Amino acid sequence: MPSWDLLADLQLLLEFHFMQNALIVGTLVAVLAGAIGYFVVLRGQSFATHMLSQVGFPGAAAGVLVHTSPAVGLIVFCVAGALGIGWSGRSVGAGRRSEAAAVGSILAFSIALGLLFVRLYAGSAQGIYGFLFGTVLGITDQDVWLTTATTVAGLAVIAVIGRPLLFASVDPDAAEARGVHVRAISILFLILIALSVAELVQVIGTLLIFALLVTPAAAAQRLTSRPGLGLALTIGLSLLVMWGGLAIAYFSLYPVGFFVTSLAFATYLGIRIVKAAA
Amino acid sequence: MNPLSYDFMQYALLAGTFTALAAGFVGYFVVLRNEVFTSDALGHVAFTGGLGALVAGVQLLAGVFASTIAVAVGMGTLGGRSRGRDVAIGTVFAWVLGVGVLFLSLYTSTRSASGGTTGVSILFGSILGLQSTQATITAVAAVTTTIALLAIARPLMFISVDPDVAAARGVPTAMVTVFFLVLLGATVAEAVQAVGALLIFGLMVTPAAIAQRVTSRPYAGMLLSGALAVAFVWIGLTLAFYIPYPASFFITALAFGTYVAAMLIHRLGRRAA
C-alpha cells in the first residue's frame, strides 16, 4: 500500500523486477513517442498512426506463432505497414469515401488475421488482452534491450532529420524547392511512427496507442506553437502520463491502459478548458 | 454430418442471416454518407457498454444496444459538421476503450469462472455460442432494423446524395438523419454478436464497398450489399463448422478477398476500355 512518503513509495514501486522492466521500457517508450507524436500531430498523420497500431495486433500474434518475441513480429508488421502506406504515395486519411472504405476493409482483415494467429497457437484470452490493451507483466529483459536499441536509433534519426522534417511538415512546397527530399523524409518518418507504435504496444496495447502517441502532442500544441518548446512539452506530458499510469496501476491492481488513457484524456481536456477560459 | 441438425448452427444462422441483411443495407448508407469511422467508434463503444452492463449486473445485450444507440445519436447531433477533429475524437474513443478495459478487469476479478473469455467474445464475436433467446432477440432486432431502414430508404438516399436539394424539397433532413443514426447504433449492436466489436467493418463496410464498385445504381447497390453480407455469413459459418477456426475470421476474410477481387476486376476493366 502506498503511503504519502514518496521515497518509500518509490522503493515499493521498484521492488519487483517486472516493475523495473516496465518502468524502464515505459520511460524509453514515452520519450520516443513524445518526440514522434509531436510531428505526427504537426503533419496531421494521426489517422495513419491509428492504422499502423491496428496492424500491430496480427504482428504481435505472428511473433508468438513463429516462436520469436512478439516485439520482433510487431516491428516487422508495423514497418511493413509503414512502407505500404508510403509506397501507395497518398496521404492516408478518413476523408475520401472510397479510401475510407478501403482502409476499413484492410483494418478488419488485419485484426481478423491476428485472431486467427492467436487461435493457431491456442493462445489464451489473457494473451489477447495483453496484445490489445497492454500488460506490464510480460516485459522480458530481452524486450528491454530491444526497446533501448530502437529508442536510441529512433531518437538519433529524429535528431538528424528533425530540421528538414519540421520544414517539410510546415511548408512541403517550399521545402521541396529548397532541395529537401520531402518524399524520402516522409517515408522515413512513417517508419519512425511504426517503430514507436511497436514499442508502445508492449505497455498499453494496440488499441490504446492513440492516448500516448497523439494526445500529449495535441495538448502541447494547444499551449505553444514554438517547435522546440512544443517538443519538450510533448515529451514531458508523455512521461507524466506514462509514469502516472504505471504507478497508479501498480498500487491499485487495475489495468494500466485505463489509467494511461484517463490521464491523457484528462490532460487534454484540462488544457482545452484552460485555453478556452483564457 | 449435417450442420443444420445442430442447435447452435440453427441459432447462428437465424441471428447471422438477419444481422447480415441489416448490416449490408445500413452499411451501404454508411459508405455512401462517409460515416465509416463512426461505425468503428461505435464498435469501441459497444465493448465498453456491454462490459459496463455486466459489471452493473444487467444483461450484456441491453448495455450494447443502449450505449451504441445513445452515442450514435449523440455524435450525430453534437458533432455533425465537425470534420477534421480527428485528434479530439480519437482521444475520446481511446479513453472509452480504456474505461472498457477497467470494466473488463472488474468483471473478470469478480466472476473468475466465465469472466475471462467474455471480453474476447465481445471483441471478436461469438455467433456459434449464441443461446436461443439471444439469437431470437438479435434476429428480431435485425428484422426491425431492416424494415425501418427500408421505410426511410427513399428520403435517406435523397439526403445522402444531395442534402441541399433534399432540404429545399421539404425532406425533414435532421429527423431522417437522427433516425438513421439510431438504426446505425442498433445495427452495430447486432453485428457485435456476429463478428465482434473489432470486426464490424467486415460486415458493415466491406460488402457495401464491393457493391459500390460493381454498380452505381443506388437501390441495386443496396440490395447487392445486403446479399453479399448474407452470403459471407452463410459461407463463413459453414467453413467454421468444418474447420475449427473462428467464424468471424472466415466472414471477414471472405469479405476482404471478394473486395480485393472486385478492385482488381474494376482496374482491369478500366484498362481494357
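This is a predicted model, so every value here is computed, not measured.

## Thoughts on the overall build of chain B
So, step 1. For chain B, the helix and strand inventory stands at 12 helices and 0 strands.
So, step 2. Counting from the amino terminus, helix and strand elements in chain B follow one another as α-α-α-α-α-α-α-α-α-α-α-α.
So, step 3. Since a compact globule built from 273 residues should have a radius of gyration of about 19 Å, the 19 Å found for chain B is in line with a globular shape.
So, step 4. In terms of overall dimensions, chain B has a C-alpha envelope of 55 × 45 × 30 Å along the principal axes.
So, step 5. Looking at the 273 residues of chain B, the share that counts as buried comes to 52%.
So, step 6. In chain B, 75% of the contacts between residues at least 6 apart in sequence involve partners at least 24 apart.

## What about the overall build of chain A?
So, step 1. Counting its secondary structure elements, chain A contains 13 helices and 0 strands.
So, step 2. Starting at the N terminus and walking to the C terminus, you meet the elements of chain A as α-α-α-α-α-α-α-α-α-α-α-α-α.
So, step 3. When the backbone C-alpha atoms are referred to their principal axes, chain A occupies close to 60 × 50 × 35 Å.
So, step 4. The buried share of chain A, taken over its 278 residues, is 52%.
So, step 5. Long-range contacts, defined here as pairs at least 24 residues apart, represent 74% of the contacts in chain A between residues at least 6 apart.

## Some words on the nonpolar core
Residues and elements named next belong to chain A.
So, step 1. The biggest cluster of nonpolar side chains holds 192 residues, and the ones touching the most others in it are C78, I193, L212 and V260.
So, step 2. If you tally residues by element for this core, the top one is helix 5 (residues 97-120), at 15 residues.
So, step 3. Those residues in contact with C78, other than ones at most four positions away along the chain, are L52, V55, G56, G59, A194, V197 and A198.

## Looking at the interface of chain A and chain B
So, step 1. With 39 residues of chain A in contact, the opposing surface of chain B contributes 37 residues.
So, step 2. Of all the elements in the fold, those that place two or more residues in the side of chain A that touches chain B are helix 3 (46-65), helix 5, helix 6 (125-133), helix 10 (210-213), helix 11 (215-223) and helix 13 (256-277) of chain A.
So, step 3. The dominant element in the side of chain A that touches chain B, judged by the number of residues it contributes, is helix 5 of chain A, at 14 residues.
So, step 4. Here the residues of the side of chain A that touches chain B are counted per class, giving 29 nonpolar, 8 polar and 2 charged.

## Side note on the packing of helix 1 (residues 7-32) of chain B against helix 8 (residues 173-194) of chain B
All names here are of chain B.
So, step 1. Relative orientation of the contacting elements helix 1 and helix 8 amounts to 140°, with a least axis distance of 9 Å. The orientation of helix 1 with respect to helix 8, classified from their angle, is oblique. Our pair here, helix 1 against helix 8, has a crossing hand that is left-handed. Residues A15, G16, T19, A22, A23, V26, F29 and V30 of helix 1 touch helix 8, and the partners they reach there are F180, L183, L184, T187, E190, A191, Q193 and A194.
So, step 2. Class assignment of the residues belonging to the contact of helix 1 with helix 8 gives a composition of 11 nonpolar, 4 polar and 1 charged.

## Some remarks on the packing of helix 2 (residues 17-42) of chain A against helix 7 (residues 141-170) of chain A
Residue and element names in this part refer to chain A.
So, step 1. Running from N to C, helix 2 and helix 7 cross one another at 20°; their axes reach a closest spacing of 10 Å. One way to sum up the angle between helix 2 and helix 7 is to call them roughly parallel. With respect to the hand of their crossing, helix 2 and helix 7 are arranged in left-handed fashion. For the pair helix 2 and helix 7, contact is made by N21, I24, V25, L28, V29, V31, L32, A35, F39 and L42 and by D141, D143, V144, T147, T148, T151, G154, L155, I158, L165 and S169, respectively.
So, step 2. Its residues placed into classes, the contact of helix 2 with helix 7 shows 13 nonpolar, 6 polar and 2 charged.

## Concerning helix 2 (residues 36-55) of chain B
All names here are of chain B.
So, step 1. In this model, helix 2 (20 residues) spans 30 Å end to end at C-alpha, consistent with the 28 Å of a helix rising 1.5 Å per residue.
So, step 2. Burial analysis of helix 2 places 19 of its 20 residues in the buried class, the great majority of the element.
So, step 3. Remark: G57 follows helix 2 within two positions and exhibits a positive phi of approximately 85°.

## Some thoughts on the environment of A191 of chain B
All names here are of chain B.
So, step 1. Mapping A191 onto the fold places it in helix 8.
So, step 2. Judged by the 32 C-beta atoms lying within 10 Å of it, A191 falls in the buried class.
So, step 3. Linking A191 and G125, residues 66 residues apart in sequence, is a C-alpha distance of 8.2 Å.
So, step 4. Setting aside residues up to four positions removed in sequence, A191 forms contacts with T19, A23, I200, L203 and M204.

## A few points about unusual backbone geometry
So, step 1. Although it is not a glycine, H67 of chain A adopts a positive phi angle of roughly 65°.
So, step 2. As for its position among the elements, H67 of chain A is in the loop between helix 3 and helix 4 (70-88).

About the cut-offs
- Residues numbered from 1 in each chain as written.
- Chains lettered and ligands numbered in written order.
- Predicted model: local features only at pLDDT ≥ 70, side-chain atom pairs only at ≥ 80, totals over all residues.
- Helix = DSSP H or I, 4+ residues; strand = E, 2+ residues; numbered from the N terminus.
- Rg over C-alpha atoms; globule rule 2.2 N^0.38 Å.
- Buried ≥ 20, exposed ≤ 12 C-beta atoms within 10 Å, placed from the backbone.
- Contact = placed C-beta atoms within 7 Å.
- Core = buried A, V, L, I, M, F, W, Y, C linked by C-beta atoms within 7 Å.
- Nonpolar A, V, L, I, M, F, W, Y, C, P; charged D, E, K, R; others polar.
- Axes fitted to C-alpha atoms, helices over the stretch in contact; angles between N-to-C directions.
- Parallel < 35°, antiparallel > 145°, perpendicular 65-115°, else oblique.
- Left-handed = near helix turned anticlockwise from the far one by under 90°.
- Expected span 1.5 Å × (residues − 1).

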